[in-house]
Amino acid sequence: ATWIIFFLLDLLVLAGMLAKGTVNGQIIVGTATTGIIMGATLGTTHAVPWEPHEKGFLAVGFAGVGLWIVTRDPLAGILVGILVVELALALTFLEVWRDPSRESALLWFLPALASVPILLTAPEISLAALIQPVVWCLNNTVMSLFILWRTSSLKRHVYATPLT
């Protein structure tokens with residue numbers, strides 16, 4: 001369910017950026033990649049019931065589409081999509097706290113690194129153009145560092161525990 005939610009949120013942000021004329025290659029590739037992962041996940045796993053928080057994330061994403069329609073401003077959809085990703089990221093931090101081996105610091109860092117040229121070549125200096133690459137850069141950098149720190153702290157704890 002998580003990949004479906006991320007795909008739909010990426011589509012919301014992409015649609016808003018297209019409507020604002022601020023689309024960049026990173027959001028296009030990110031949306032396509034998420035769609036491919038979602039398809040592979042759905043094609044290779046059994047159906048798993050959705051968690052209540054996943055249904056909530058999806059509902060807020062749809063509310064973002066409604067807000068865009070009501071305000072006639074695609075920035076509303078972009079901002080709601082980003083907000084829901086931030087909420088979902090908080091849950092990923094909890095999962096990494098429990099078991100950092102489930103995530104790869106390198107795979108989290110690559111989108112952060114890819115955000116730098118996107119930021120340097122933004123079509124304009126506006127919230128619609130910059131929020132997605134700034135958020136991706138910050139989120140992915142912080143998550144990469146968190147994974148490395150948590151992995152290291154668990155290893156230190158294991159080595160510091162005396163054998164009995």
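See above for the structure.
Thresholds, definitions, all that
- Residues numbered from 1 in each chain as written.
- Predicted model: local features only at pLDDT ≥ 70, side-chain atom pairs only at ≥ 80, totals over all residues.
- Heavy atoms only, no water.
- Helix = DSSP H or I, 4+ residues; strand = E, 2+ residues; numbered from the N terminus.
- Buried < 20%, exposed > 50% of the residue type's maximum accessible area, 1.4 Å probe, protein only.
- Axes fitted to C-alpha atoms, helices over the stretch in contact; angles between N-to-C directions.
- Parallel < 35°, antiparallel > 145°, perpendicular 65-115°, else oblique.
- Left-handed = near helix turned anticlockwise from the far one by under 90°.
- Contact = heavy atoms within 4.5 Å.
- Patch = residues over 30% accessible without salt bridge, like charges linked within 9 Å, V, L, I, M, F, W, Y side chains within 5 Å.
- Areas by Shrake-Rupley, 256 points an atom, 1.4 Å probe, with all protein chains shown as cover.
- Salt bridge = Lys/Arg side-chain N within 4 Å of Asp/Glu carboxyl O.
- Expected span 1.5 Å × (residues − 1).
- Arc of directions from axis to C-beta.
- Core = buried A, V, L, I, M, F, W, Y, C linked by side-chain atoms within 4.5 Å.
- Polar contact = N/O pair within 3.5 Å; in protein donor to acceptor, adjacent residues only side chain to side chain.

*Asks:* What is the right way to look at unusual backbone geometry in this model?
*Replies:* Of all residues except glycine, most have a negative phi; of all peptide bonds, most are trans. Non-glycine residue Arg 72 carries a positive phi angle of around 60 degrees. Tracing the sequence through the fold places Arg 72 in the loop between helix H3 (52-71) and helix H4 (74-98). You can call Arg 72 exposed: its relative accessible area is 75%.

*Asks:* Can you walk me through the packing of H3 against H4 in this structure?
*Replies:* Between two packed helices, the angle of one axis relative to the other and the distance separating the axes together describe the packing. The geometry of H3 relative to H4 is characterised by a closest axis approach of 7 Å and an angle of 165 degrees between their N-to-C directions. With respect to H4, the axis of H3 lies roughly antiparallel. The element H3 and its partner H4 pack so that their crossing is right-handed. Between H3, through His 53, Phe 57, Val 60, Gly 61, Gly 64, Leu 67, Trp 68 and Thr 71, and H4, the contact on the second element is made entirely by Pro 74, Ala 76, Gly 77, Val 80, Val 84, Leu 87, Ala 88 and Leu 91.

*Asks:* How should I be thinking about a nonpolar patch on the surface in this particular structure?
*Replies:* On the surface, Leu 8, Leu 11, Phe 62, Val 65 and Ile 69 cluster together to form a nonpolar patch covering roughly 440 Å² of accessible area. For the nonpolar patch, the leading source of residues is H3, giving three residues. Inspection of the secondary structure assignment puts Val 65 in helix H3. Among the residues examined, Val 65 registers a relative accessible area of 34% and is labelled partly exposed.

*Asks:* Which parts of the structure should I look at to understand the side chain of Asn 140?
*Replies:* Mapped onto the fold, Asn 140 is located in helix H6 (residues 127-160). The buried category is assigned to Asn 140, whose relative accessible area is 9%.

*Asks:* Whenever I open this one, the pattern of salt bridges confuses me. Can you help?
*Replies:* Close approach of charged atoms lets side chains of opposite charge pair. Inspection of the entire model under this criterion finds one salt bridge. For Asp 73, the salt bridge goes to Lys 20, with nearest N and O atoms at 3.3 Å. In this pair, Asp 73 is assigned in the loop between H3 and H4 and Lys 20 in helix H1 (residues 2-20), connecting sequence segments 53 residues apart. The exposure class assigned to Asp 73 is partly exposed, which follows from its relative accessible area of 27%.

*Asks:* Quick question: what am I supposed to make of H3 here?
*Replies:* Think of an α-helix as 3.6 residues a turn; residues three or four steps apart then line up on the same face. For H3, spanning 20 residues, the distance from its first C-alpha to its last is 28 Å, which sits close to the expected 28 Å at 1.5 Å a residue. Turning to H3, its buried residues number three or more, namely Glu 54, Phe 57, Gly 61 and Gly 64. Here the buried residues of H3 occupy an arc of 60 degrees about the axis, which is enough to place them on one side. In H3, the exposed positions angled more than 90 degrees off the buried face are occupied by Pro 52, Lys 55, Phe 62, Ile 69 and Val 70. The first or second residue beyond H3 is Arg 72, which carries a positive phi of 60 degrees.

*Asks:* Is there a simple way to think about the environment of Arg 98 in this case?
*Replies:* Note that Arg 98 resides in helix H4. What makes Arg 98 exposed here is its relative accessible area of 65%. It is 9.1 Å that separates the C-alpha atoms of Arg 98 and Arg 150, two residues lying 52 residues apart in sequence.

*Asks:* Sorry, what's going on with the nonpolar core here?
*Replies:* Across soluble globular proteins, you tend to see nonpolar side chains buried next to one another. Listed in full, the 11 residues of the largest apolar core are Val 13, Leu 14, Met 17, Ile 27, Leu 75, Ile 78, Ile 82, Ala 128, Ile 131, Val 135 and Trp 136. Counting only elements with at least two residues in this core, the list comes to H1, H4 and H6. The contacts of Val 135, once residues within four sequence positions are left out, are Ile 82 and Glu 86.

*Asks:* Which parts of the structure should I look at to understand the side chain of Thr 22?
*Replies:* Tracing the sequence through the fold places Thr 22 in the loop between H1 and helix H2 (25-44). At 3.3 Å, the side chain of Thr 22 forms a polar contact with the backbone oxygen of Ala 128. Once you skip the residues sitting within four places of it in the chain, Thr 22 turns out to touch Met 17, Pro 123, Glu 124, Ser 126, Ala 128 and Ala 129.

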